[in-house]
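Below are the chains, spelled out letter by letter.
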Amino acid sequence: MSKKIILLASGNGSNVENICRFFKQNLEVQILEVYTNNPDAGVLKRIKPFGLKGYIFNKTSFNNGDVLKEIKKKQPDLIVLAGFLWKIGVDWIDAFPLKIINIHPALLPKYGGKGMYGSHVHKAVKENNEKETGITIHYVSEAYDKGTFIFQNKVALTTTDTICDIEAKVSALEQKCFPKVINSLLNNI
């Protein structure tokens, strides 16, 4: 029986596309659907070549439990947040304990929390003259970026790295590591 994944994204969808590409030929893993809170999200275009359906929802259906009800019906083995910016509620965590994961573009606990996403993180890393940064894949908990770490990977920075350079280095780590960590988790379910 194949393992089932649901992906949630709010933006461009480069991680979603990479995950889809990674699992495309894997008959033991099925990406059921991609959910987004943004009707203009680039992720909707990126999933078309994979024959995936995008499910667009608004704040009301997210907050009143309708989205969670839909996802519960699909019985995913793993829910993957790949650039999803809304906070996941306790109702989700109770429904899917240790089955919701997120990727953060920094070495948590540094540069985490509300408002710390994308270029905001890379800008803070640059402003603090960090010698390294990286990614953290973690279980989702009630608080932003506070869940138990599953995986971290680092990349060295130089004083001449721009915010764009930092973003490119972190993105390369995400592309290389995120699907492999997902696969490893699925193999242990």
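None of the values given here were measured: they were computed from a predicted structure.

Colleague: Got a minute to help me understand the overall build of the protein chain in this structure?
Modeller: Along the backbone of the protein chain there are seven helices and seven strands. Secondary structure elements of the protein chain, listed N to C terminal, follow the sequence β-α-β-α-β-α-α-β-α-β-α-β-β-α. Over its C-alpha trace the protein chain gives a radius of gyration of 16 Å, about what one expects of a compact globule, namely 16 Å for 189 residues. With the C-alpha coordinates of the protein chain rotated into their principal frame, the extents come out at 50 × 35 × 35 Å. Burial status across the protein chain gives 46% buried among its 189 residues. Pairs at least 24 residues apart make up 68% of the contacts formed inside the protein chain by residues separated by at least 6 positions. By element, 51% of the accessible surface of the protein chain is carried by carbon and sulfur atoms, the whole surface being about 9,700 Å². The centroid of the 25 positive side-chain charges in the protein chain is displaced by 2 Å from the centroid of its 18 negative side-chain charges.

Colleague: Would you explain the sheet that holds strand E2 (residues 29-36) in this entry?
Modeller: Across a sheet, paired strands are connected by hydrogen bonds in the backbone, their directions being either parallel or antiparallel. What the seven strands build is an open sheet, ordered E3-E2-E1-E4-E5-E6-E7; its pairing is mixed. At either margin of the open sheet sits one strand with a lone partner, and together these are strand E3 (54-56) and strand E7 (149-156). When strand polarity is set aside, the average angle formed by the axes of neighbouring strands in this sheet is 20°. Relative to strand E6 (residues 132-139), strand E5 (residues 100-104) runs antiparallel, the two sharing four bridges. Each residue of the ladder has a partner; that of His104, found in E6, is Thr136.

Colleague: What is the right way to look at helix H7 (residues 163-187) in this model?
Modeller: The periodicity of an α-helix, 3.6 residues per turn, causes residues three or four positions apart to be oriented the same way. Here H7 is 25 residues long and its end C-alpha atoms lie 36 Å apart, about the 36 Å a rise of 1.5 Å per residue gives. Among the residues of H7, Ile166, Val170, Leu173, Glu174, Cys177, Phe178, Pro179, Val181, Ile182, Asn183, Leu185 and Leu186 are the ones counted as buried.

Colleague: Just to check I follow, could you spell out the pairing of E6 for this structure?
Modeller: Moving residue by residue along a regular strand, the side chains alternate between the two faces of the sheet. The buried fraction of E6 is high, at seven of eight residues. With seven bridges connecting them, E6 and E7 associate as antiparallel partners. Counted as the bridge partner of Thr133 is Val155 from E7.

Colleague: Would you explain the side chain of Thr36 in this entry?
Modeller: Following the sequence through the fold, Thr36 ends up in strand E2. The class for Thr36 is buried, based on a relative accessible area of 0%.

Colleague: Looking at this structure, how should I read the packing of aromatic side chains?
Modeller: Any aromatic ring pair is given by two values, namely how distant the centres are and how the planes are angled relative to each other. Enumeration over the complete set of coordinates arrives at ten aromatic pairs. Pairing Phe22 with Phe23 gives two aromatic rings, centres 4.9 Å apart and planes at 80°, and the pair type is edge-to-face. Each ring, one from Tyr35 and one from Tyr55, has its centre 4.5 Å from the other, and the planes form 40°; the classification is tilted. With Tyr35 in strand E2 and Tyr55 in strand E3, the pair connects residues that are 20 residues apart, well separated along the chain. In this structure Tyr35 comes out as buried when scored by relative accessible area, which is 0%. If you follow Lys59 out to its NZ or CZ, it ends over the ring of Trp86, 4.2 Å from the centre.

Colleague: Explain the pattern of salt bridges here, please?
Modeller: Inspection of the entire model under this criterion finds ten salt bridges. In this structure, Lys69 engages Asp66 in a salt bridge whose closest nitrogen and oxygen atoms are separated by 3.6 Å. Here the residue Lys69 and the residue Asp66 both occupy positions in helix H4 (residues 66-74), the gap between them amounting to three residues, near one helical turn. Residue class for Asp66 comes out partly exposed when judged on its relative accessible area of 33%. Salt-bridge contacts for Asp161 lead to Lys169; the nearest nitrogen and oxygen are separated by 2.8 Å.

Reading the values: rules and limits
- Residues numbered from 1 in each chain as written.
- Predicted model: local features only at pLDDT ≥ 70, side-chain atom pairs only at ≥ 80, totals over all residues.
- Heavy atoms only, no water.
- Helix = DSSP H or I, 4+ residues; strand = E, 2+ residues; numbered from the N terminus.
- Rg over C-alpha atoms; globule rule 2.2 N^0.38 Å.
- Buried < 20%, exposed > 50% of the residue type's maximum accessible area, 1.4 Å probe, protein only.
- Contact = heavy atoms within 4.5 Å.
- Areas by Shrake-Rupley, 256 points an atom, 1.4 Å probe, with all protein chains shown as cover.
- Lys, Arg positive; Asp, Glu negative; His and termini not counted.
- Charge placed at Lys NZ, Arg CZ, Asp CG, Glu CD.
- Pairing = 2+ DSSP bridges.
- Axes fitted to C-alpha atoms, helices over the stretch in contact; angles between N-to-C directions.
- Expected span 1.5 Å × (residues − 1).
- Phe/Tyr/Trp six-rings, centres within 6.5 Å; stacked < 30°, edge-to-face > 60°.
- Lys NZ or Arg CZ within 6 Å of the ring centre and 35° of its normal.
- Salt bridge = Lys/Arg side-chain N within 4 Å of Asp/Glu carboxyl O.

Limitation: the analysis is restricted to geometry and does not speak to function.
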